Amino acid sequence: IGGGLAGLALAIQCADAGYATILFEKENYPFHRVCGEYISMESYDFLQRCGLPLTDWDLPMINRLQVSEAKGKLHDFRLPLGGFGISRFKLDYELYKLALQKGVEVKTSCKVTDLLYLNNAFKLKTSQGIFHSRLSAGSFGKKSNLDVRWNRSFAMRKPGKLSNYIGVKYHIRYPQPPDTIALHNFANGYCGISGVEEDRCCLCYLTTADNLVGAGNSVRTMERELLGRNPQLRKIFAGAEFLYDEPLTISQVSFLPKQQVENHVLMLGDAAGLIPPLCGNGMSMAMHASVLAFGQLRSFLAGQASRQQMEANYQAEWKRQFARRLQTGRTVQYFFGGNLSTALFLRTMRAIPTLGRAVIRQTHGQPF
């Protein structure tokens, strides 16, 4: 359920193994998503194994990180593993076409309204009818109708410090060095810019809903009066060619912890726990989680594990792979979006290079 990177990657692996697989996506491909579009190299070989010809697409290869304090002072770092830039518009669409080629049945413009576990199987109610399956995986993003229907704890909480962020994204043309991803701080937020295909850049920022309210609920006003206080961002917003008529936005972004299994459904990607952007990138972790989930699903279908064992093993493996990385990301995020705290953090990383390298290394995983 959900045709983002985690759902598509899992569906492709299941189809490759010969399992009858169906994927539900409420949108129609191709479409944009609110998401930064830097992917660490840990995912590169996996995507090629899936069948994507990444080397043929002339994608920007990124090995430098540039971070600015809220007042604009820049700090440069090397990225030991590095990454590449590709838009979700292209990546998701190419994976969707690949899934179809491999025999996945894909239901687009199809919303799953309920999912019931009955007699060791699932009954799915959707806008296109009722379906049944032996196994189900949820990769339906940051917050969905199913989260509310299942009374998931994070969805029931009132908006608070960890659960009321907004994300805003543009594609722009701007002379950003193709080997560099930049993160620019502003009060209670930060904005990333990095290259993607066709000499475009992804410009995406995260901030609190309070900042938007304080700007009269006007994104443009907030960008001018708040983001524009950072001279680096003021320069980008003044000099860029914006390729969207209006920004893509998402609200009620929550960083509260989530369970990796709900109602016997294995959760992947943001549905398993929203990844702080500063812990590397959620896209690689979503795809890596699909590999973990597939291994456990295959063991169950082969009769090597009970459903209970499969669920417990997946949760344990997910936490083993990602718990420390998430903690590092939350810690780093704590120091971003401030004046003094951000400046002290960045200057300490610059003054102690081994510390800087260690923090960056902790925010990236290993190839899978």
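Quick caveat, the model's predicted, so the values are computed rather than measured.

A. Looking closely at the packing of aromatic side chains. As enumerated under the stated definition, the model contains 13 aromatic pairs in all. Aromatic side chains Tyr170 and Phe242 sit 4.9 Å apart centroid to centroid with 80° between the ring planes, which places their arrangement in the edge-to-face category. Linking Tyr170 in strand S10 (residues 165-173) with Phe242 in strand S14 (residues 241-242), this pair joins segments that are 72 residues apart in sequence. Residue classification places Tyr170 among the buried residues on the basis of a relative accessible area of 1%.

B. Highlighting the packing of helix H1 (residues 5-16) against helix H9 (residues 282-301). The contact between H1 and H9 brings their axes to 8 Å, and the two run at 35°. As for the relative orientation of H1 and H9, their crossing is right-handed in sense. Touching Leu5, Ala6, Ala9, Leu10, Gln13 and Cys14 of H1 are Met283, Ala286, Met287, Ser290, Val291, Ala293, Phe294 and Leu297, all from H9. A class-by-class count of the residues in the contact of H1 with H9 yields 12 nonpolar, 2 polar and no charged.

C. Local environment of the sheet that holds strand S8 (residues 129-133). What the 3 strands build is an open sheet, ordered S6-S7-S8; its pairing is antiparallel. Two strands bound the open sheet, and with one partner strand each, they are strand S6 (112-118) and S8. Neighbour-to-neighbour, the strand axes of the sheet open up by a mean angle of 20°, direction not taken into account.

D. Main features of the side chain of Glu94. Along the chain, Glu94 falls in helix H3 (residues 88-101). The class for Glu94 is buried, based on a relative accessible area of 18%. Ignoring any residue separated from it by four or fewer positions in sequence, one finds Glu94 in contact with Leu52 and Trp57.

E. Looking closely at the sheet that holds strand S9 (residues 137-138). Here we have 3 strands laid out as an open sheet, ordered S9-S17-S16, and mixed in their pairing. Lying at the two open borders of the sheet, with one neighbouring strand each, are S9 and strand S16 (261-262). Judged from the 2 bridges that link them, S16 and strand S17 (residues 265-267) form a sheet pairing that is antiparallel. The residue bridging Glu262 from the neighbouring strand is Val265, located in S17.

F. Spatial organisation of the packing of H1 against H3. For the pair H1 and H3, interaxial distance at closest approach is 9 Å and the crossing angle is 25°. Accordingly, the angle class assigned to the pair H1 and H3 is roughly parallel. Crossing of H1 against H3: the hand is left-handed. Seen from H1, the contacting residues are Leu5, Leu8 and Ile12; seen from H3, they are Arg88, Leu91, Asp92, Leu95, Tyr96, Leu98 and Ala99. Each residue belonging to the contact of H1 with H3 can be placed in one class, and the counts come to 8 nonpolar, no polar and 2 charged.

G. Looking closely at the nonpolar core. One finds Leu10 and Tyr314 to be the most contacted residues of the largest nonpolar core, which totals 36 residues. Taken together, the elements giving at least two residues each to this core come down to H1, S6, strand S7 (121-126), S17, H9 and helix H10 (307-335). Of all the elements, H9 adds the most residues to this core, at 8 residues. Contacts of Tyr314, omitting those with residues within four sequence positions, involve Gln260, Val261, Leu266, Met267, Leu268, Ala289, Leu292, Ala293 and Gln296. Counting 31 residues, the second largest nonpolar core, distinct from the first, contains Leu5, Phe46, Leu47 and Phe368.

H. Focus on the pairing of S10. With respect to burial, S10 is a largely interior element, 8 of its 9 residues being buried. One ladder, built from 8 bridges, connects S10 with strand S13 (residues 201-208); its direction is antiparallel. Its bridge partner being in S13, Gly167 is matched across the sheet by Leu206. Pairing geometry for S10 and strand S15 (residues 248-253), over 4 bridges, is antiparallel. From the neighbouring strand, Lys169 faces S15, where its bridge partner is Leu248. Sheet analysis places S10 next to S14, joined by 2 bridges and oriented antiparallel. Bridge assignment links Arg173 to a residue of S14, and that residue is Glu241.

About the thresholds
Along each chain, numbering runs from 1 in the same order as the chain's sequence is written. The predicted nature of this model means local features are confined to residues of pLDDT at least 70 and side-chain atom pairs, given and counted, to a pLDDT of 80 or more, with totals for whole chains, interfaces and linings taken over all residues. Side-chain numbers here rest on the full set of heavy atoms in the structure, without hydrogens or water. Each Phe, Tyr or Trp ring, with Trp reduced to its six-membered ring, pairs with another whose centre is within 6.5 Å; inter-plane angles below 30 degrees give stacked pairs, above 60 give edge-to-face pairs, and intermediate values give tilted ones. Helix numbers and strand numbers start at the N terminus; a helix is a DSSP run of H or I with at least 4 residues, a strand a run of E with at least 2. Type-normalised accessible area, obtained with a 1.4 Å probe on protein chains alone, sets the label of each residue: buried when under 20%, exposed when over 50%, and partly exposed for intermediate values. All axes here are fitted lines through C-alpha atoms, helices being fitted over the stretch that makes contact, and every angle between N-to-C directions spans 0 to 180 degrees. In this scheme the handedness of a crossing depends on how the near helix is turned from the far one: anticlockwise by less than a right angle means left-handed, clockwise means right-handed. Throughout, a contact is declared for two residues whenever any of their heavy atoms are within 4.5 Å. Residues are sorted three ways: Asp, Glu, Lys and Arg are charged, Ala, Val, Leu, Ile, Met, Phe, Trp, Tyr, Cys and Pro are nonpolar, and all the rest, Gly among them, are polar. Any two strands with at least two DSSP-identified bridges between them are counted as paired. Each angle is binned into one of four classes, with values under 35 degrees roughly parallel, values over 145 roughly antiparallel, values of 65 to 115 roughly perpendicular, and all other values oblique. Residues belong to a common nonpolar core when they are buried Ala, Val, Leu, Ile, Met, Phe, Trp, Tyr or Cys residues joined through side-chain atoms within 4.5 Å.

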